[in-house]
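For reference, the chains in residue letters:
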Amino acid sequence: PDVIFNPNSGKQLIELIYEFLGFPVIDYTKTKLPATGAKTLEKLLNHTTDVKHILLLESLIELTKVSKILSTFIPAFENAQDTGNGYRLYGNYNLCGTVSGRLSSSSPNMQNLPSGSTYGELIKSCFKAENGHLFVGADYASLEDRISALTTKDPNKLKVYTDGYDGHSLRAQYYWPEKMPDIDQSVESINSIAKKYPKLRKASKEPTFLLTYQGTYHGLMNNVGMSEEDAKSVEANYHKLYSVSDEWIAARLKIATTDGYVTAAFGLRVRTPVLSQSLLNTKSTTNVAKAEGRTAGNALGQSYGILNTRSANEFMDRVYASEYRYDIQISMLIHDAVYLIITDAIGIVEWVNTNLIECMEWQDLPELHHPTVGLGGEL
């Protein structure tokens, strides 16, 4: 008999993807069912070379993105407030909405705007400044990478900024040195990977992201589609490259087993009640404690996203004390970026460019001090 397929049915998606097509189960929902969300489907693309299967997965991913827009952003747009000079959304920004201390957003979630797709560009095109104004923004340059380098003092992370290494090329050479026998450790040679071995440089990005946030070779196999041998090799080479960072994080998690918390940016304490009852990296460590350790370890770096809130506050203090206090308004904060609506005048643009970037360059916390590696961004 004919079957009417409902792509919004989790049960039917499970049957299609895992039972009929035979894909491996790599993620589970909170109810322990095989996951079928967009992120999982993107991982499954690495587990097939069948053109038809790839097309099906890509279509399901696109459908998920469209459904998200239809259910989240379109209702918000329809309920936008008419100001007489265009429509505005008034979302909420929530203190203590994340473990890391960064702001979260809701009603609608302005930090969740889609990006990197046809629909993302379409949604973003709906936002513009009122007549006579400009919509501008500035985001920190590689904030989490720089914070990790500054706090851990890992020489292989610092030399990206002190010596001019291309970070992606440096990691690619460490992951797969046997595939690049003509590359040595000089800056010029490492950076030449971008032209000589662009596919390997690109391939290094996803493993780096996963391993940076406490992932393992299992994740490389499931998410990236690596063989077990390659995944274990890349994992080992990553930890060899960043051994100083590993030791720094391990030392703080060890303290957490006795204190019951790790201290993150600006004195933020991330509680570790389960970890404090276990010994990290021993046979007695429960999976819950390991997960808590990963969350705490990640927060050590991600918590410095609070710098974005701090820079916005300092900048607005300057605005309120200036002649431009009626010409500059904050529109939104998204992770490590500040967005503003300003009057369209060259003098105001220059003032914003000078003052906002100065606020973003602040790094007076002792652990962020460095003679040459700084923070900042561009308008």
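The rules behind these values
- Residues numbered from 1 in each chain as written.
- Predicted model: local features only at pLDDT ≥ 70, side-chain atom pairs only at ≥ 80, totals over all residues.
- Heavy atoms only, no water.
- Core = buried A, V, L, I, M, F, W, Y, C linked by side-chain atoms within 4.5 Å.
- Buried < 20%, exposed > 50% of the residue type's maximum accessible area, 1.4 Å probe, protein only.
- Helix = DSSP H or I, 4+ residues; strand = E, 2+ residues; numbered from the N terminus.
- Axes fitted to C-alpha atoms, helices over the stretch in contact; angles between N-to-C directions.
- Parallel < 35°, antiparallel > 145°, perpendicular 65-115°, else oblique.
- Left-handed = near helix turned anticlockwise from the far one by under 90°.
- Contact = heavy atoms within 4.5 Å.
- Pairing = 2+ DSSP bridges.
- Salt bridge = Lys/Arg side-chain N within 4 Å of Asp/Glu carboxyl O.
- Phe/Tyr/Trp six-rings, centres within 6.5 Å; stacked < 30°, edge-to-face > 60°.
- Expected span 1.5 Å × (residues − 1).

Moving on, we come to the nonpolar core. General note: in soluble globular proteins, nonpolar side chains tend to be found buried as a group. Counting residues in hydrophobic clusters, the biggest one holds 33 residues, and the most contacted among them are Leu307, Phe315, Ile328, Leu340, Val352, Leu368 and Leu375. Contributing elements (two or more residues each) for this core: strand 5 (133–140), helix 5 (143–152), helix 16 (306–320), strand 8 (328–334), strand 9 (337–343) and helix 17 (346–360). If you tally residues by element for this core, the top one is helix 17, at seven residues. Core analysis: the second largest hydrophobic core is formed by 22 residues, Leu170, Tyr217, Met226 and Leu241 among them.

Time to look at the packing of helix 16 against helix 17. Taken N-terminus to C-terminus, the directions of helix 16 and helix 17 make an angle of 140°; their axes are 8 Å apart at the nearest point. When the axes of helix 16 and helix 17 are compared, the pair comes out oblique. Considering how the two elements wind past one another, helix 16 and helix 17 form a crossing that is right-handed. Residues Arg310, Ser311, Glu314, Phe315, Arg318 and Val319 of helix 16 touch helix 17, and the partners they reach there are Trp351, Val352, Asn355, Leu356, Glu358, Cys359 and Met360.

If you trace the backbone, Ser104 turns up in strand 4 (residues 104–106). Classification of Ser104 as buried rests on a relative accessible area of 15%. Leave out the neighbours within four places in its chain, and Ser104 touches Asn92, Tyr93, Asn94, Gly97, Thr98 and Gln111.

Turning our attention to helix 1 (residues 10–20). Buried within helix 1 we find Leu13, Ile14, Leu16, Ile17 and Tyr18. Lining the buried residues of helix 1 we find helix 2 (38–44) and helix 3 (51–78). The first or second residue beyond helix 1 is Gly22, which carries a positive phi of 75°.

The next subject is the pairing of strand 5. Walk down a regular strand and you will see the side chains alternate between the two sheet faces. Sheet topology note: the strand 5/strand 9 ladder contains seven bridges and is antiparallel. For His133, the partnering residue across the bridge sits in strand 9 and is Thr343. As paired strands, strand 5 and strand 10 (residues 377–378) are joined by two bridges and run antiparallel to one another. Bridge pairing in strand 10 places Tyr140 opposite Gly377.

Note that side chains of opposite charge can pair when their charged atoms are close. Per the stated rule, a full pass over the model turns up eleven salt bridges. Residue Arg102 is joined to Glu144 by a salt bridge in which the shortest nitrogen-to-oxygen separation is 3.6 Å. One end of the pair, Arg102, is in the loop between strand 3 (92–94) and strand 4; the other, Glu144, is in helix 5, and 42 residues separate them in sequence. One salt bridge connects Glu314 with Arg318, and the closest N-O pair in it is separated by 3.0 Å. Linking Glu314 with Arg318, this pair stays in helix 16, spanning four residues, or about one helical turn. Judged by its relative accessible area of 24%, Arg318 is partly exposed. Overlapping salt bridges bring together Arg310, Glu314, Arg318 and Glu358 as one network.

Pairing of strand 8 with strand 9 involves six bridges; the strand directions are antiparallel. Looking at strand 9, one finds that Ile330 is bridged to Leu340. Between strand 8 and the antiparallel strand that follows it, strand 9, lie two residues; His335 among them carries a positive phi value of about 55°.

Right, let's get into the packing of aromatic side chains. Taken as a whole and assessed by the stated rule, the structure comprises eight aromatic pairs. Where Phe77 meets Phe127, the ring centres are 5.9 Å apart and the plane angle is 70°; that geometry is what we call edge-to-face. Note that Phe77 is positioned in helix 3 and Phe127 in the loop between helix 4 (118–124) and strand 5, a separation of 50 residues in sequence. Judged by its relative accessible area of 23%, Phe77 is partly exposed.

Okay, the environment of Gly101 next. Positionally, Gly101 belongs in the loop between strand 3 and strand 4. In the structure, Gly101 is positioned 34 residues away from Ser67 in sequence and 30 Å away in space, judged by C-alpha atoms.

Taken together, four strands build an open sheet; the order of strands is 8-9-5-10 and the sheet is antiparallel. Lying at the two open borders of the sheet, with one neighbouring strand each, are strand 8 and strand 10. In this fold helix 16 packs onto strand 5, strand 8 and strand 9, with an angle of close to 180° to the strand it touches most, strand 8.

A word on helix 14 (residues 243–259). Look at helix 14: 24 Å from first C-alpha to last across 17 residues, which is about the 24 Å you get at 1.5 Å a residue. All of the buried residues along helix 14 are Ser245, Trp248, Ile249, Leu253, Ala256 and Thr257. In this structure, the buried side of helix 14 is in contact with helix 5, helix 6 (155–162), strand 6 (261–263) and helix 15 (287–302). Downstream of helix 14 by one or two residues, Gly260 has phi in the positive range, about 85°.

Another aspect to go through is unusual backbone geometry. That bond from Ser107 to Pro108 is cis: its omega, -5°, falls within 30 degrees of zero. Structurally, Pro108 is set in the loop between strand 4 and helix 4. Phi is positive for Ser142, close to 50°, though the residue is something other than glycine. Within the element layout of this structure, Ser142 appears in the loop between strand 5 and helix 5. The phi dihedral of His335 falls on the positive side, at around 55°, and the residue is not glycine.

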